Amino acid sequence: MRRATFALLTAALVLALAGSARAQAARELPEAVGRYVKVNAPLVALTGVQVVDGTGNAPLANATIVIRDGVIEAVGVDVDIPAGAEVLNLTGHTVIPGIVGLHDHTFYTTAGRRIQATETAPKLYLGSGVTTIRTTGSYHPYSELNLKRAVDAGELPGPRVHVTGPYLTGGVSSYMTIVNDPEEARRVVGYWADEGATWFKVYTRISRAELAAVIDEAHRRGLKVTGHICSVSFREAVELGIDNLEHGLFTNSDYAADKQPDECPQNLTASLLDVDLDGPEVQATFRDMIDHDVAMTSTVAIYETFVPNRPPLDQRMLDLMAPEAREEYLATRAEIAATADSSAWPELFERAQAYERAFVAAGGLLAAGVDPTGIGGALAGLGDQRNLELLVEAGFTPVEAIQIMTANGAKVLGEYDRYGSIEPGKLAELVVIDGDPVARPAEIRNVTLVFKDGLGYDAPKLVESTKGIVGIR
Ligand SMILES: [Zn+2]
């Protein structure tokens, strides 16, 4: 008995020594990062994996990916494993590029709260496989600028952050920045550009003159503009030079018959339910967007929560929520369920999915994001994963849907030469999934490891660390 224990201890010691020999090459990490890191070696080989590379290529079975100093050195089925590599045999796993979330706020809302989720959002995003976010409307812009600095400096675990600055809108608002003349718009854009914003987000009540000023000032500084608009229609915004349009059909006032200039039409929803999706009006929007290289951002995960009894309740999500946020979400969900017989949302949602499918069929660039707002049922990261299932439901193949969520997002950000696909020379931003999200899209939830900045993060540990506090911190 004693001898057996001794033998076990010896084995443990040998393993520990082997570990420390490897650890000599590992980077030293601050505790806040190191506690979530599982793989910390300059040279890593992932073997036996299915690779969905994000380019739209068919999946590659039983492949090897070699990562050196945070960059993809090789990927394929006939790849030699370099001497000294830390080898992870990942048979049964799929690797996709890091998700690029284009509508990924760091705040969270229910019907009763709006909170800055500085503690939970970065961990939920990274732990769900989202390696880049564009915040697309900020509630606390300085929280996001500080988060970005800390992540870039390696002080905190989190996705790469593209900060958009505050929402810019016209009329009246409680927390957005109101710009009611072009000079004001230019001043605000200049201020946030100097502070580090790289995109701007305009909102529903902005008028054409202010939008033109925002776009002109941003472009003059090499920055870009996206919008959740209404007073200005999609085609008008394209004409003014906007770079990206959020939410697709749900927010397009192109089809409202009584649309007055610079006013959000009363009958927006009716017009969306009425417009012929195969007709010339829709094609005119698509043509304008495509001819001017204006991308569309799909945020189906948030809009699904307005459809009665959707999504199916996800225990994983309920467990992460703080009790008060969970109560608020479930109460609103029940109110929505009570409207099931009369709600226009099932039809509107289906039409919006068809609209996105038709936009891509016409040659448009579609990317995706979660938008963790509304009634609180689309959480940071988890909702980005849910987008895969909803894009597949819309009619995209799983490979196309993964391309939308990864490569296309990087293209919209102008960063596709650096990341967004699994190809030699690109940054190794990789999501390791236990299972096969091509055969069974819901398995994208089973993220085990996320590679970013040369580190392999323990994805479940990141997500677990937010348990019970999502919605309050
Ligand atoms: Zn939003």
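Residues numbered from 1 in each chain as written. Predicted model: local features only at pLDDT ≥ 70, side-chain atom pairs only at ≥ 80, totals over all residues. Heavy atoms only, no water.

A. Fine view of the pattern of salt bridges. This structure, assessed with the given rule, holds 26 salt bridges. Notably, a salt bridge pairs Arg 386 with Glu 389, separated by 2.9 Å at the nearest N-O pair. A residue pair is termed a helical-turn pair when its members lie 3 or 4 positions apart in one helix, as Arg 386 and Glu 389 do in helix α14 (residues 382-394) at three residues. The exposure class assigned to Arg 386 is buried, which follows from its relative accessible area of 15%. Here Glu 415 makes a salt bridge to Arg 418, at a shortest N to O gap of 3.0 Å. Looking at Glu 415, the relative accessible area reads 12%, which means it is buried. You can call Arg 418 partly exposed: its relative accessible area is 38%. Put simply, Glu 304, Arg 310, Asp 314, Arg 316, Arg 386, Glu 389, Glu 393 and Arg 445 are held in one network by salt bridges that share partners. (Salt bridge = Lys/Arg side-chain N within 4 Å of Asp/Glu carboxyl O. Helix = DSSP H or I, 4+ residues; strand = E, 2+ residues; numbered from the N terminus. Buried < 20%, exposed > 50% of the residue type's maximum accessible area, 1.4 Å probe, protein only.)

B. Examining the pairing of strand β20 (residues 447-452) more closely. Buried residues dominate β20, accounting for five of its six residues. Here β20 hands over to strand β21 (residues 455-458) after two residues, with Asp 453 in that stretch at a positive phi of 55°. (Pairing = 2+ DSSP bridges.)

C. Broad picture of the state of the cysteines. On inspection of all chains with the given rule, the structure shows one disulfide. Each sulfur in the disulfide pair Cys 230 and Cys 264 lies 1.8 Å from the other. Since a negative S-S torsion denotes a left-handed disulfide, the Cys 230-Cys 264 link at about 75° is right-handed. Note that Cys 230 is positioned in the loop between β15 (224-227) and α7 (234-240) and Cys 264 in the loop between β16 (244-246) and α8 (268-274), a separation of 34 residues in sequence. Classification of Cys 264 by relative accessible area gives partly exposed; the value is 21%. (Disulfide = S-S within 2.5 Å.)

D. Layout of the nonpolar core. One finds Phe 200, Val 202, Val 214, Ile 242 and Leu 245 to be the most contacted residues of the largest nonpolar core, which totals 105 residues. The residues touching Val 202, leaving out its near neighbours within four places in the chain, are Leu 168, Leu 211, Val 214, Val 225, Thr 226, Gly 227, His 228, Ile 229 and Ile 242. In terms of nonpolar packing, the next biggest core, distinct from the first, is built from 19 residues, Ala 41, Val 49, Ile 72 and Ala 428 among them. (Core = buried A, V, L, I, M, F, W, Y, C linked by side-chain atoms within 4.5 Å. Contact = heavy atoms within 4.5 Å.)

E. Structural context of helix α12 (residues 323-337). An ideal rise of 1.5 Å per residue puts 21 Å on 15 residues; α12 measures up with 21 Å between its terminal C-alpha atoms. All of the buried residues along α12 are Ala 325, Tyr 329, Thr 332, Arg 333 and Ile 336. Axial view of α12: buried residues confined to an arc of 105°, hence all on one face. For α12, the exposed residues set more than 90 degrees away from the buried face come down to Glu 327 and Glu 335. On the buried face of α12, the contacting elements are β8 (107-110), β9 (113-116) and α11 (315-320). (Expected span 1.5 Å × (residues − 1). Arc of directions from axis to C-beta.)

F. Geometry of the side chain of Thr 406. Along the chain, Thr 406 turns up in the loop between α15 (398-405) and α16 (407-412). Residues in contact with Thr 406, not counting those within four places in the same chain, are Gly 54, Pro 97, Gly 98, Ile 99, Val 100 and Gly 420.

G. Local environment of the packing of helix α4 (residues 141-152) against helix α5 (residues 182-195). Contact geometry for α4 and α5: axes closest at 11 Å, N-to-C directions at 25°. The angle between the axes of α4 and α5 places the two elements in the roughly parallel class. Where α4 crosses over α5, the two elements pack in a sense that is right-handed. Where α4 abuts α5, its residues Pro 141, Tyr 142, Leu 145 and Arg 149 lie against Tyr 191, Trp 192 and Glu 195. (Axes fitted to C-alpha atoms, helices over the stretch in contact; angles between N-to-C directions. Parallel < 35°, antiparallel > 145°, perpendicular 65-115°, else oblique. Left-handed = near helix turned anticlockwise from the far one by under 90°.)

H. Expanded view of the sheet that holds strand β7 (residues 99-101). Spatial strand order, β7-β10-β11: three strands in an open sheet with parallel pairing. What marks the edges here is a single partner per strand, and that holds for β7 and β11 (160-162). Strand-to-strand twist across the sheet, computed as the mean angle between neighbouring axes with direction ignored, equals 15°. Alignment of strand β10 (residues 130-134) against β11, held across three bridges, turns out to be parallel. Bridge pairing links Ile 133 to Val 161 in β11.

I. Structural context of the sheet that holds strand β14 (residues 199-202). In spatial order, the strands read β13-β12-β14-β15-β16-β17-β18; together these seven strands make up an open sheet with parallel pairing. Edge positions in the sheet fall to β13 (177-178) and β18 (366-368), since each has one partner strand and no second. Summarising the sheet, β15 and β16 pair through two bridges and their orientation is parallel. If you follow Thr 226 over to β16, its bridge partner there is Asn 244. Strands in contact with helix α13 (residues 345-361) are β17 (295-298) and β18; relative to β17, the strand with the most contacts, it is inclined by about 150°.

J. Quick look at unusual backbone geometry. Of note, the amide linkage connecting Arg 310 to Pro 311 takes the cis form, showing an omega dihedral of -10°. With respect to the helices and strands, the residue Pro 311 is situated in the loop between α10 (300-304) and α11. A positive phi angle, near 50°, is found at Asn 62, a position not held by glycine. Its place among the elements puts Asn 62 in strand β3 (residues 60-68).

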